Protein chains: 2
Amino acid sequence: MYTLSEENYLKSIYRLAQQPNFKITPTAIAESLGNNPASVVDMIRKLTEKQLIAYDKKKGVELTQQGLKDAVLIVRRHRLWEVFLLEKLGYHWDEIHDIAEELEHISNATLADRLDKFLGFPEYDPHGDPIPKANGKVPKPFSVTLTDLKMGESCRVAAVRDTSSSFLQYLQKLDIGIGTRIQLIEKISFDNSLVISISGKENTTVSQKFGENILID
Amino acid sequence: MYTLSEENYLKSIYRLAQQPNFKITPTAIAESLGNNPASVVDMIRKLTEKQLIAYDKKKGVELTQQGLKDAVLIVRRHRLWEVFLLEKLGYHWDEIHDIAEELEHISNATLADRLDKFLGFPEYDPHGDPIPKANGKVPKPFSVTLTDLKMGESCRVAAVRDTSSSFLQYLQKLDIGIGTRIQLIEKISFDNSLVISISGKENTTVSQKFGENILID
DNA sequence: TCATAAAATTAGTCTTGACTAATTATTTTA
DNA sequence: TAAAATAATTAGTCAAGACTAATTTTATGA
Ligand SMILES: [Mn+2]
Ligand SMILES: [Mn+2]
Ligand SMILES: [Mn+2]
Ligand SMILES: [Mn+2]
């Protein structure tokens, strides 16, 4: 389809666009890709010319209809490959993201759909992110976090926001995965730390930042 | 591991080295990759510096021990992915080569071995080429062709030398695949055309070039 | 053996996608 | 609102990996 770089930019812009009321600036894109803002300005020019994005000083960067379609396809491929790597090749959930980051760029007209079918049309990837459908429809992602829970309430872990291996490995250590049940025991008002019970076991304390990265059902 | 280009050069040199007594020249590499000889000379310099190849005017290009090891790994990945695409995703054998050409560059320490295991440690790829083992050992490829057959003898199709989709589609039309039995009925001395019987059915005539691209058991 | 053809190499250019440093525009804040 | 800070943009550079055109080297054969 496009170059590897173009695709990574599209995907990055798409991801930033998921945050409601967030203005997508060159700096924001630069940060999300680990690039220099000057390089981003170059690429914004290129993608604008190709009519994949529109850039307005006031509104920031927006994907065009075509750009959105392309970005969603890349995300679809990424998440399907993640399912494959975890379920078929036995990788752990903290290893799959980086490999999928490469696999998502393999371009073949029917590959995503064949993979989708082979995997049994999964709805969510191993991190709980919804997998865009073949028709381009994207199921609504989870948005309520552990910090939104009220005292005493319990929930099911539906997805993780941060997919870095340091976070995922921490979760593994705590025995938390997609589907794990968590009950909020107490909120420490000093720093918003959360005292939780994981799968009904003894209490553990986690930070606010931790809580914000756990999406629940 | 290396850049996409470096890997493609390594693989191309490896493939050329399979032909016995063949001097691997810049022109030969250029032809096999569809590149300009001048570009090849640049890359020969680069790969020599990285100690992956040795270039001697007299002997031509040779892979070093390290270069050979790396090339074999890329071939291993290529052929394993081809098996995956055919057996798991249902592609036809004339579609898989180009996709594997991209997939072979996905670099992850354990990916090839996991894929190998998932596929049940296949010995040959869908074109009959041997799949290098995890330890770097490469099973001996088939080398006898249809043109080596004597009048009246019959054989089993073991592999194809040419993997272009035009050749593979022609084979499909003739109902020839890996494992098909072929009997040589007659050799036309004028142009070395071969009159053959495919799976015991009525006679068909194929060219010498055709015969040279069918490897038999 | 020497002329010609073919192959290899060099020199110089181009595109992509990065970068740094300098400059200009826009926001914040005092 | 003016100064200071931050963000965006421009200008210039670089490396990779390709190309063409020109030159040199090597091989071939009359
Ligand atoms: Mn990527
Ligand atoms: Mn994911
Ligand atoms: Mn390749
Ligand atoms: Mn093959």
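Scoring rules and cut-offs
- Residues take numbers from 1 onward in each chain, read along the sequence in its written order.
- Starting at A for chains and at 1 for ligands, labels are handed out in the order in which the entities are written.
- Per-residue local features of the predicted model are confined to residues with pLDDT of at least 70, and side-chain atom pairs are confined, for both listing and counting, to 80 or more; whole-chain, interface and lining totals are unaffected and use all residues.
- Only hydrogens and water are removed before side-chain values are computed, so all heavy atoms of the structure are retained for them.
- Domains are outlined according to an automatic or database domain assignment.
- Each residue is assigned to one of three classes by its accessible area relative to the maximum for its type, calculated with a 1.4 Å probe on protein chains only: buried under 20%, partly exposed between the two thresholds, exposed over 50%.
- The helix count covers DSSP runs of H or I at least four residues long, the strand count covers runs of E at least two residues long, and both are numbered beginning at the N terminus.
- We call two residues contacting when some pair of their heavy atoms lies within 4.5 Å.
- Each metal site lists N, O and S donors within 2.8 Å (3.2 Å for Na, K and Ca). With water left out of the atoms, a site can look as if it is missing ligands.
- Strand pairing follows a simple DSSP-based rule, namely that at least 2 bridges must link the two strands.
- Here the copies are matched by least squares. The fit uses the C-alpha atoms of residues with pLDDT of at least 70 in both.
- Throughout, near means a residue has at least one heavy atom within 4 Å of the molecule or strand.
- Think of a polar contact as two N or O atoms within 3.5 Å of one another; within protein, one of them needs to be a possible hydrogen donor and the other a possible acceptor, and neighboring residues in sequence only count if both atoms come from side chains.
- Axis definition: a line fit to C-alpha positions, over the contact stretch in the case of helices; interaxial angles, taken between N-to-C directions, run 0 to 180 degrees.
- One fewer than the residue count of a helix, multiplied by 1.5 Å, yields its expected span.
- By definition, the buried area sums, over both parts, the 1.4 Å-probe accessible area that each loses when the two are put together.
- The salt bridge criterion pairs a side-chain nitrogen of Lys or Arg with a carboxyl oxygen of Asp or Glu, the two atoms within 4 Å.

**Describing the domain arrangement of chain A**
Then, number 1: Assigned domains within chain A: domain 1 (4-63) and domain 2 (144-216).
Then, number 2: A separation of 32 Å is found between the C-alpha centroids of domain 1 of chain A and domain 2 of chain A.

**As for helix 2 (residues 26-33) of chain A**
Helical geometry note: an α-helix holds 3.6 residues per turn, so side chains three or four residues apart project in the same direction.
Residue and element names in this part refer to chain A.
Then, number 1: Inspection of helix 2 places P26, A28, I29 and A30 among the buried residues, and these make up the whole buried set.
Then, number 2: In this structure, the buried side of helix 2 is in contact with helix 1 (4-18), helix 3 (37-49), strand 1 (53-56) and strand 2 (60-63).
Then, number 3: Of the residues trailing helix 2, G34 is marked for its positive phi of about 70 degrees.

**Considerations on the coordination of the manganese ion (ligand 3)**
Then, number 1: For the manganese ion (ligand 3), the full set of protein donor atoms is B:N8 (OD1), B:E101 (O), B:E101 (OE), B:E104 (OE) and B:H105 (NE2), at a range of 2.1 to 2.6 Å.
Then, number 2: Along the chain, the residues that donate to the manganese ion (ligand 3) are spaced as N-x92-E-x2-E-H.

**Notes on the pairing of strand 1 (residues 53-56) of chain B**
Residues and elements named next belong to chain B.
Then, number 1: Across four bridges, the pairing between strand 1 and strand 2 (residues 60-63) is antiparallel. Pairing of I53 across the sheet is with L63, part of strand 2.
Then, number 2: The turn linking strand 1 back onto strand 2 is made up of three residues.

**Focus: the relation of the copies chain A and chain B**
One copy of the chain maps onto the other through a rotation about an axis plus a displacement along that axis.
Then, number 1: The two copies are related by a screw motion: chain A maps onto chain B through a turn of 180 degrees and a shift of 0.0 Å along the axis, at an RMSD of 0.1 Å. The two molecules are tied by a two-fold rotation axis, judged by turn and shift. Across chain A, the smallest distance between a C-alpha and the rotation axis is recorded for A:L103, namely 3.7 Å.
Then, number 2: Both copies contact each other with a shared surface, as 100% of the interface residues of chain A are interface residues in chain B too.

**With respect to the coordination of the manganese ion (ligand 1)**
A four-donor tetrahedral metal ideally has 109.5 degree angles, and a six-donor octahedral metal ideally has angles of 90 or 180 degrees.
Residue and element names in this part refer to chain A.
Then, number 1: Taken together, the protein ligands of the manganese ion (ligand 1) are N8 (OD1), E101 (O), E101 (OE), E104 (OE) and H105 (NE2), with distances of 2.1 to 2.6 Å.
Then, number 2: Counting the intervening residues between successive donors of the manganese ion (ligand 1) yields the motif N-x92-E-x2-E-H. Of this pair, N8 sits in helix 1 while E101 sits in helix 5 (residues 96-103); the two residues are 93 residues apart in sequence, bridging distant segments of the chain.
Then, number 3: For N8, a relative accessible area of 19% puts it in the buried group.
Then, number 4: With a relative accessible area of 24%, E101 lands in the partly exposed category.

**Describing the environment of B:G179**
Residue and element names in this part refer to chain B.
Then, number 1: Tracing the backbone shows G179 in the loop between helix 7 (165-173) and strand 4 (181-188).
Then, number 2: Separated by 21 residues in the primary sequence, G179 and A158 place their C-alpha atoms 6.1 Å from one another.
Then, number 3: The residues contacting G179, other than those within four sequence positions of it, are R156 and V157.

**Thoughts on the protein's contact with DNA strand C**
Then, number 1: Neighbouring DNA strand C are 18 residues; A:T3, A:S5, A:K46, B:T27 and B:R45 lie closest to it.
Then, number 2: Among the atoms of DNA strand C lying within 4 Å of the protein, the sugar-phosphate backbone contributes 84%.
Then, number 3: In this structure, a phosphate oxygen belonging to DNA strand C sits 2.5 Å away from a side-chain N or O atom of A:S5.
Then, number 4: One of the side-chain nitrogen or oxygen atoms of A:Y9 is found 3.4 Å away from a phosphate oxygen of DNA strand C.

**Examining the sheet that holds strand 6 (residues 203-206) of chain A**
Residues and elements named next belong to chain A.
Then, number 1: Taken together, the five strands give an open sheet; going across it, the order is 6-5-4-3-7, and neighbouring strands pair in antiparallel fashion. Sheet topology places strand 6 and strand 7 (214-216) at the edges, where each strand pairs with a single neighbour. Neighbour to neighbour, the strand axes of the sheet diverge by 50 degrees on average, direction disregarded.
Then, number 2: Pairing of strand 3 (residues 154-160) with strand 7 involves three bridges; the strand directions are antiparallel. The partner of V160 across the bridge, within strand 7, is I214.

**Digging into helix 1 of chain A**
Residue and element names in this part refer to chain A.
Then, number 1: Helix length check: helix 1, at 15 residues, gives a terminal C-alpha distance of 22 Å against a target of 21 Å (1.5 Å per residue), a fit within 8%.
Then, number 2: Those residues of helix 1 that fall on the buried side of the exposure criterion are E6, E7, N8, Y9, L10, K11, S12, I13, Y14 and L16.
Then, number 3: The secondary structure elements touched by the buried residues of helix 1 are helix 2, helix 3, strand 1, strand 2, helix 4 (65-87) and helix 5.

**Focus on unusual backbone geometry**
Then, number 1: Non-glycine residue A:N21 carries a positive phi angle of around 55 degrees.
Then, number 2: Tracing the backbone through its elements, the reader meets A:N21 in the loop between helix 1 and helix 2.

**Some remarks on the interface of chain A and chain B**
Then, number 1: Opposite the 20 residues of chain A that make contact, chain B presents 20 residues.
Then, number 2: Counting each side, the surface lost to burial between chain A and chain B is near 1,700 Å², with a carbon and sulfur contribution of 66%.
Then, number 3: Here chain A is connected to chain B by zero salt bridges.
Then, number 4: Run the count over chain A and chain B and you get 10 residue pairs in polar contact (both at pLDDT 80 or more).
Then, number 5: Going through the elements one at a time, helix 4, helix 5 and helix 6 (111-118) of chain A are the ones with two or more residues in the side of chain A that touches chain B.
Then, number 6: With four residues, the single largest contributor to the side of chain A that touches chain B is helix 6 of chain A.

**Quick look at the pattern of salt bridges**
Residue and element names in this part refer to chain A.
Then, number 1: Scanning all chains against the criterion turns up 24 salt bridges over all chains.
Then, number 2: One salt bridge in this structure joins K50 and E6, with 2.8 Å as the shortest N-O distance. Of this pair, K50 sits in the loop between helix 3 and strand 1 while E6 is found in helix 1, placing the two residues 44 residues apart along the sequence.
Then, number 3: Given the relative accessible area of 41%, K50 is considered partly exposed.
Then, number 4: In this structure E6 comes out as buried when scored by relative accessible area, which is 1%.
Then, number 5: The residue D175 makes a salt bridge to K201 at a minimum N-O spacing of 3.8 Å. Residue D175 is found in the loop between helix 7 (165-173) and strand 4 (181-188), and its partner K201 is found in the loop between strand 5 (193-198) and strand 6; the two are separated by 26 residues along the sequence.
Then, number 6: Its relative accessible area of 42% is what places K201 among the partly exposed residues.
Then, number 7: Within the structure, one salt-bridge network assembled from shared partners comprises E6, K46 and K50.

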